[in-house]
2 protein chains.
Amino acid sequence: MYTIGEVSKMFNLPISTLRYYDKEGLLNDVDRDSSGIRKFNDKTIEALRVIECLKKSGMQIKEIKEFMHWCTMGDKTLLKRKEMFIRQKEHIEQEIKELENALEMIKYKCWYYDEAIKDGNEKRVKNITPKQMPDHIKKYFEHTHK
Amino acid sequence: MYTIGEVSKMFNLPISTLRYYDKEGLLNDVDRDSSGIRKFNDKTIEALRVIECLKKSGMQIKEIKEFMHWCTMGDKTLLKRKEMFIRQKEHIEQEIKELENALEMIKYKCWYYDEAIKDGNEKRVKNITPKQMPDHIKKYFEHTHK
DNA sequence: TCTTGACCTAAAGTTAGGTTTATGTATTAA
DNA sequence: TTAATACATAAACCTAACTTTAGGTCAAGA
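Residues numbered from 1 in each chain as written. Chains lettered and ligands numbered in written order. Predicted model: local features only at pLDDT ≥ 70, side-chain atom pairs only at ≥ 80, totals over all residues. Heavy atoms only, no water.

Student: An account of the protein's contact with DNA strand C is requested, with residue identities and associated values reported.
Tutor: Taken together, 19 residues form the shell around DNA strand C, and within it A:T3, A:R19, A:R32, A:R38 and B:T17 come nearest. Atoms of DNA strand C within 4 Å of the protein: sugar and phosphate make up 80%, bases the balance. In the environment of DNA strand C, a phosphate oxygen lies 2.5 Å from a nitrogen or oxygen atom belonging to the side chain of A:R19. Take B:K62: an N or O atom from its side chain is 3.2 Å from a phosphate oxygen of DNA strand C. Elements represented by at least two residues in the surface near DNA strand C include exactly α1 (4–11) and α2 (15–23) of chain A together with α2 (15–23) and α4 (61–71) of chain B. With four residues, α2(B) is the single largest residue contributor to the surface near DNA strand C. Class assignment for the residues of the surface near DNA strand C results in seven nonpolar, seven polar and five charged. (Near = heavy atom within 4 Å. Polar contact = N/O pair within 3.5 Å; in protein donor to acceptor, adjacent residues only side chain to side chain. Helix = DSSP H or I, 4+ residues; strand = E, 2+ residues; numbered from the N terminus. Nonpolar A, V, L, I, M, F, W, Y, C, P; charged D, E, K, R; others polar.)

Below is the structure:
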């Protein structure tokens, strides 16, 4: 059993955020002691791990709440839950692709400014055509500048 | 030269967003015709490509504005601009790592629910230890459940 | 006994990044 | 001439996800 302060440190999340998640129904009825103080157990800890991951995958609080509710409803929601994870898997894979594309452009720009700084100005590098670029830079450029 | 409606279609961005970016100073003084209508040129188009990419890399509007302002200040800001792209490169690489971690957990959950659905309930799969998992699943589990 | 620290609540406040609304202008097609 | 379209502005509005505030409880140590 853990207090809210301990969990806050474990996850590096503000106490106010944990109370907010609880209030929003993401933590499925946290136990309380006789004076109303939250006692988090291992199931809540596991729920928080899942929450962090679903948040990272782009899911909203209210959708996470819905999922957490399914978890309390037993086997009849197994399929829904699986389908939800499959959707989030696709979502996150798409997001990684988009980030990798943005990264290409950023790497091109790093090269561009490197060259410009060598010359003291952008005149030369601004006019370099893809053909004149080093191969690994050409690759970045062509992805992101059509 | 393009109208705001054309640019909106090119980038699949609402017209209101383009006007908002202009107002916030992300587009460095867009040209206007004699009756005040915006005429976007190729420099603005390129700026928009950079904006989309910087936004994807997690940069805020006001930081992008600052960068765009540096671009109007000539060669003395080349180093700042390069350093900015290097920071965003690191930021986006970190973000990709975190998404890949979340993806591991999600893949584990996909497997978990697959097994549960085969059995009709979670009883068996809930008690599978990492040692009993298929190797490619074990890998997902161990990253994300310690 | 007093004070410190960790917990509690409800309600108001905050922030970013737009979006919507109300109103107006200019051009074109019927 | 009228109606539809595409543009313009300023200002108000919106949403998600927290965070802060104001006020209170409770247990432990000096």
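Read on, since the account is not over.
Student: Please provide a residue-by-residue account of the protein's contact with DNA strand D, values included.
Tutor: The immediate surroundings of DNA strand D are formed by 18 residues, with A:T17, B:T3, B:R19, B:R32 and B:R38 found nearest. Elements supplying a minimum of two residues to the surface near DNA strand D: α2 and α4 (61–71) of chain A together with α1 (4–11) and α2 of chain B. Broken down by element, the surface near DNA strand D gets its largest block of residues, four residues, from α2(A). Tallied by class, the residues present in the surface near DNA strand D amount to seven nonpolar, six polar and five charged.

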